[in-house]
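Examination of the molecular architecture
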Amino acid sequence: DAGITQSPRHKVTETGTPVTLRCHQTENHRYMYWYRQDPGHGLRLIHYSYGVKDTDKGEVSDGYSVSRSKTEDFLLTLESATSSQTSVYFCAISGTPSTDTQYFGPGTRLTVL
Amino acid sequence: RKEVEQDPGPFNVPEGATVAFNCTYSNSASQSFFWYRQDCRKEPKLLMSVYSSGNEDGRFTAQLNRASQYISLLIRDSKLSDSATYLCVVINTNAGKSTFGDGTTLTVKP
């Protein structure tokens, strides 16, 4: 299995609070991704990174920000969590964005009350 | 219309059956294709890549039909352990964009 960890694995928070999810990889892959997975919507890309300090938006980026200060870490922040952000969040990594496969972390279950 | 569409199922089949899933895509510029497997409350894991010439891995066969813009996954001699959700992924290399289907759920019963 690819060396990807996510923390926390589970979190319950209240509306309006900030939340930061962490993705850590030991594979030295250049590309990192944050997805959310919801019933009826499948996996949707939130943000991705193509290098240290290089990030870009995905299809559902509103309400989320990311940072990547080191190759191995990619942080996802919900500045002010809302109930619509209750979801399962997956981090993924790949060597290239195109033909390389993506390897996923174990996921974080976030509940916003 | 979604860029990538899968029949959500569920597909309920007996052990030993052969089952096939299709995944259609709308962007003709798509160039790379994969099938992932996702167990309940787990992360997606790569099952196999899909090549134009078709490829086989044991009981699993994946094929690509560019003319009709779909990929398929065939599972022969189904096992109880094949029960999972199968996700297709379509990649537009030029845009560096991966699009996942919503998944097809398979349940193999004794």
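Look above for the structure.
These notes cover the structure that comes with them. (Residues numbered from 1 in each chain as written. Chains lettered and ligands numbered in written order. Predicted model: local features only at pLDDT ≥ 70, side-chain atom pairs only at ≥ 80, totals over all residues. Heavy atoms only, no water.)

On a plain count of helices and strands, chain A comes out with zero helices and 11 strands. Listing every helix and strand of chain A by position from the N terminus yields β-β-β-β-β-β-β-β-β-β-β. The C-alpha atoms of chain A give a radius of gyration of 13 Å, which matches the 13 Å a tight globule of 113 residues would have. In terms of principal-axis extent, the alpha carbons of chain A reach across some 35 × 30 × 25 Å. Counting across all 113 residues of chain A, residues that qualify as buried make up 49%. (Helix = DSSP H or I, 4+ residues; strand = E, 2+ residues; numbered from the N terminus. Rg over C-alpha atoms; globule rule 2.2 N^0.38 Å. Buried < 20%, exposed > 50% of the residue type's maximum accessible area, 1.4 Å probe, protein only.)

Space inside the largest pocket adds up to approximately 610 Å³. Lining the largest pocket are 29 residues, and of these Gln37(A), Pro39(A), Arg109(A), Gln38(B) and Arg41(B) sit closest to its centre. Put simply, the parts of the chain that give the lining of the largest pocket at least two residues each are β4 (31-38), β9 (87-94) and β11 (108-112) of chain A together with β9 (84-92) and β11 (104-109) of chain B. Lining the second largest pocket are 23 residues, with Leu43(A), Glu59(A), Lys97(B), Ser98(B) and Thr99(B) positioned closest to its centre. If you list the elements that add at least two residues to the lining of the second largest pocket, you get β4 and β5 (42-51) of chain A together with β10 (97-100) of chain B. Of the residues that constitute the lining of the second largest pocket, the class distribution is eight nonpolar, eight polar and seven charged. (1 Å grid on protein atoms, 1.4 Å probe; cavity = no way out; pocket = protein on both sides within 12 Å on 5 of 7 lines; lining within 4 Å. Points joined across faces, edges and corners; volume = space filled by probe spheres on them. Nonpolar A, V, L, I, M, F, W, Y, C, P; charged D, E, K, R; others polar.)

On to the pairing of β4(A). All names here are of chain A. Taking burial as the measure, the eight residues of β4 include eight buried ones, the bulk of the element. Burial of the side chains of β4 extends over both faces: Tyr31, Tyr33, Tyr35 and Gln37 are buried on one face and Met32, Trp34, Arg36 and Asp38 on the other. Across seven bridges, β4 lies against β5 in antiparallel orientation. Residue pairing for β5: Trp34 is matched across the bridge by His47. Between β4 and β5, which follow one another and run antiparallel, lie three residues, and Gly40 among them has a positive phi close to 85°. (Pairing = 2+ DSSP bridges.)

Let's shift gears to the interface of chain A and chain B. Quoted interface sizes are often the accessible area lost when the parts come together. If you look at the interface, chain A gives 18 residues, while chain B gives 18 residues. Roughly 1500 Å² of surface becomes buried between chain A and chain B when both sides are summed, with 53% attributable to carbon and sulfur atoms. In this assembly, chain A and chain B are joined by zero salt bridges. (Contact = heavy atoms within 4.5 Å. Buried area = accessible area lost by both parts, 1.4 Å probe. Salt bridge = Lys/Arg side-chain N within 4 Å of Asp/Glu carboxyl O.)

Here we come to the sheet that holds strand β3 (residues 19-25) of chain B. Either a parallel or an antiparallel arrangement is found when strands of a sheet pair, and the pairing is made through backbone hydrogen bonds. All names here are of chain B. Taken in spatial order, the five strands make up an open sheet running β1-β3-β8-β7-β6, and their pairing is antiparallel. Each edge of the sheet is formed by a strand with only one pairing partner; in this case those strands are β1 (4-6) and β6 (55-57). Between one strand and the next, the sheet's axes are offset by a mean angle of 15°, whatever the strand orientation. (Axes fitted to C-alpha atoms, helices over the stretch in contact; angles between N-to-C directions.)

Applying the stated rule across the entire model yields two disulfides over all chains. What pairs with Cys23(A) in a disulfide is Cys91(A), and their sulfur atoms sit 1.9 Å apart. Between Cys23(A) and Cys91(A) the disulfide shows an S-S torsion of about -70°. By sign, it is left-handed. With Cys23(A) in strand β3 (residues 19-25) and Cys91(A) in strand β9, the pair connects residues that are 68 residues apart, well separated along the chain. When sorted by exposure, Cys23(A) lands in the same class as Cys91(A), which is buried. We note that Cys40(B) lacks a disulfide partner, and the nearest cysteine sulfur, in Cys88(B), lies 20 Å from it. (Disulfide = S-S within 2.5 Å.)

Attention now goes to the packing of aromatic side chains. Scanning the model with the defined rule gives 13 aromatic pairs over all chains in all. The interplanar angle of 75° and the centroid separation of 5.8 Å between the aromatic rings of Phe104(A) and Phe100(B) together place this pair among those described as edge-to-face. Here Phe100(B) lies in strand β10 and Phe104(A) lies in strand β10 (residues 103-104), a pairing that spans two chains. Each member of the pair Phe104(A) and Phe100(B) is classed as buried. Each member of the aromatic cluster is reached from another via a ring pair, and the members are Tyr33(A), Tyr35(A), Tyr48(A), Tyr50(A), Phe90(A), Phe104(A), Tyr36(B) and Phe100(B). (Phe/Tyr/Trp six-rings, centres within 6.5 Å; stacked < 30°, edge-to-face > 60°.)

Attention shifts here to the pattern of salt bridges. Taken as a whole and assessed by the stated rule, the structure comprises nine salt bridges over all chains. Three or more residues are tied together by salt bridges with common partners; here these are Arg22(A), Lys70(A) and Asp73(A).

Any functional reading would require information that these geometric values do not contain.
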